[in-house]
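Structure assessment
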Amino acid sequence: MIRVQPRPVAAQVPARAGCPMLPAFAFSLGTMAAPHPCTVYAPPLGVASPTLAAPRVVTAVALPACTPAAASRSAPMQCSAFSAAPVSQQRSAAEMLPSALARVEREAAAPDQRNQAYRSLLGLIEAHGVFRDLPVDGSGLLRVGSPFCHDFFEAPQLLPFLMERLATAAPGASGLAVFGCDSRPQAKWWSAWEAWTRHTYADGRVMLELQQRDLEKEQLPQCGLILGLHPEVTNGGPWPAIIGNVLRSRVVGGRAIFATFYRLEAEETVKVCSSFGAACEILENPYYAGQPYNAVGTYLRFAVVVTLAVPAVARMPASASATRQAVTVPAAPLFVFAAVPTVGKAASPGVAVTGPVVGMSVPAISMAAPPAAVASTGGQAAMSVALATAITWVKQREAAPDQRDQAYLSFLRALSTEWQVLEGLPMDAAGTLHVSTPFCQQFFEAPLLLPFLKEHVLDTGRVKGIATFGSDVKPEPFWWPAWEEWVLCMLGPHVVLHFKAQDLARELPAAAGLVLAVHPEVTTGGPWPVIIANVLRSCVPGGRCVFATFYAQEAEEVARICRSVGVPCSVRESPFYAGRPASEVGTFLRFAVIAGGPSA
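Residues numbered from 1 in each chain as written. Predicted model: local features only at pLDDT ≥ 70, side-chain atom pairs only at ≥ 80, totals over all residues. Heavy atoms only, no water.

Our next topic: the packing of aromatic side chains. On inspection of all chains with the given rule, the structure shows 23 aromatic pairs. A ring pair is formed by Phe 443 and Phe 499, whose centres lie 5.6 Å apart and whose planes are at 75 degrees; its orientation type is edge-to-face. One end of the pair, Phe 443, is in the loop between strand E10 (432-437) and helix H10 (446-458); the other, Phe 499, is in strand E12 (residues 495-501), with 56 residues separating them in the sequence. Residues Phe 443 and Phe 499 agree in their burial class; the two are buried. Seen in terms of ring centroids, Trp 479 and Trp 483 are 5.3 Å apart; in terms of plane orientation they differ by 25 degrees. Their pairing is stacked. With Trp 479 and Trp 483 both in helix H11 (residues 479-491) and 4 residues apart, this pair spans about one turn of that helix. Accessibility expressed as a relative area gives 0% for Trp 479, which makes it buried. An aromatic cluster of three or more residues is present, and its members are Trp 393, Phe 444, Phe 478, Trp 479, Trp 483 and Trp 486. When the ring centre of Trp 189 is taken as reference, the NZ or CZ atom of Arg 103 above it lies at 5.3 Å. Over the ring of Trp 393 we find Arg 397, and its NZ or CZ is 4.4 Å from the ring centre. (Phe/Tyr/Trp six-rings, centres within 6.5 Å; stacked < 30°, edge-to-face > 60°. Helix = DSSP H or I, 4+ residues; strand = E, 2+ residues; numbered from the N terminus. Buried < 20%, exposed > 50% of the residue type's maximum accessible area, 1.4 Å probe, protein only. Lys NZ or Arg CZ within 6 Å of the ring centre and 35° of its normal.)

Structure below.
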């Protein structure tokens, strides 16, 4: 494979509005036309041409804008028009390189908190399996996107880090092509880091392009890895649209990670991603281990790892009522993350924070064959976006259950066998067991809990049906309809699922014989004592009410509230965490507070 060596080229004339040019990321020499009258420059970042006998330098060249015919869907990146910076803002490599070299030397000698936290964040993401088997383009390049990159001060850490791991991160890759952008250009440092990259990687294996781009209105080039630092999602404005465009820029099999300073930013990022059908995990940077939860000035304390995103061809509906739009379902899962040791604080219900993995055998989830309406034909099927997303993600979780899923399955087995919670549950007159899951958020436990109950309660003849009711103060317009469809499709007519937005500080959830409440955040203050009391009141006589917590202090506070309203209870520890340190963080469903029945 022959590549054109990138070289800086002086601009000929200022760019004019509407001047069409091809981004320097990917183009074929065979499509080049004569220089456009408003030529500025086109430093090629990595060009493959079967007609070249030897590498040659490309000087000032401009190309016509790509047409739909030229920009095929199979191309690694889409062509788009953009305007180059005026000549007054362009600085030569000779002028900017010393600034970059001096900064790199200074930070290497005395790394500040930001540099140390960034390095720790990269290590955390690597340990989580994100930098493994990343997709490369047709030229053998790993494409990396850095949206809202500002000055891109992370360049001297990120680029060497990825190159050192390129062989394992993207097997078969011959180099990196990094694209960074922001709505406001940074004339000095963008030129500096581009010059530093050309200087440091003179062999051309690492290429960097920084460009002004409004991600509210357009997407990144297609990338196999996206690292977005500090999306300011809690400030309002166009951030949901920006996040959506970033997610759509990830190629199938690629990874997307957003890093935030504070927990509330991470949780808001998860909410935005969820609105586009993306499932996420929140990881806490171990650099901040032991620091107060509400500490200020924490740089990149949390990473939001997108573990599933619907392909661009399956656009997410604007509202829940539109979720039955027909789409094409991928024949195979988009990608699978391996679960490896990490450290993280407890998450909100439905938001995964992974922790140490304990080796154990986890049986595959038993699912009925899809009905004829969604039966696969040639590896593809037409179904709603919501159902397609749920089915794909469940398959991924079956193939590689993470620590959260393993802990949840162990918790369910303990409920059934060791704690005898499922024995003698009350039913209604029709023989239906009513199950309530308050503060369920996205209800990501659906593909674990409901098949388990079907196998251990319905299929054994104890009940004639299972009716599950989930609620949360904020509705989840994508995942609630998705799980309702998934249950109807996979578990048959005798298992039903329904959700409703409820403020449990003011009303009771639906009456139930079995209540499974995951992670009541009772140690954070607020209306939780009232919520716990209302959940207890919704449990019918003879029923069981189980609160699952991450930490012992949470379980003790739930037990205190139960007893304060006259409900006896007991606290049990999941066998999944037997022998683990009591102070360990990142544990999921470690304790059960059981009210009602013999276990109480």
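On to the sheet that holds strand E13 (residues 512-518), then. The 7 strands lie next to each other as E12-E11-E10-E13-E14-E16-E15, forming an open sheet whose pairing is mixed. Of all strands in the sheet, those with a lone pairing partner are E12 and strand E15 (569-573), marking the two edges. The average angle at which neighbouring strand axes cross in this sheet is 20 degrees, direction not considered. Strand direction decides the pairing type here: E10 and strand E11 (residues 465-472), joined by 6 bridges, are parallel. In the sheet register, His 434 faces E11, and the bridge partner there is Ala 467. Along the sheet, H11 contacts E11 and E12; its crossing angle with E12, the most-contacted strand, is approximately 170 degrees. (Pairing = 2+ DSSP bridges. Axes fitted to C-alpha atoms, helices over the stretch in contact; angles between N-to-C directions. Contact = heavy atoms within 4.5 Å.)

If you look at the biggest cluster of nonpolar residues, it comprises 62 residues, and the most contacted ones within it are Phe 443, Trp 479, Trp 483, Trp 486 and Leu 514. With 9 residues, the top contributor of residues to this core is H11. Apart from the residues lying within four places of it in its own chain, the contact partners of Leu 514 are Val 421, Leu 422, Leu 425, Leu 433, His 434, Val 435, Ser 436, Leu 453 and Arg 544. Of all hydrophobic cores here, the second largest spans 51 residues; its members include Leu 97, Leu 124, Tyr 201 and Ala 259. (Core = buried A, V, L, I, M, F, W, Y, C linked by side-chain atoms within 4.5 Å.)

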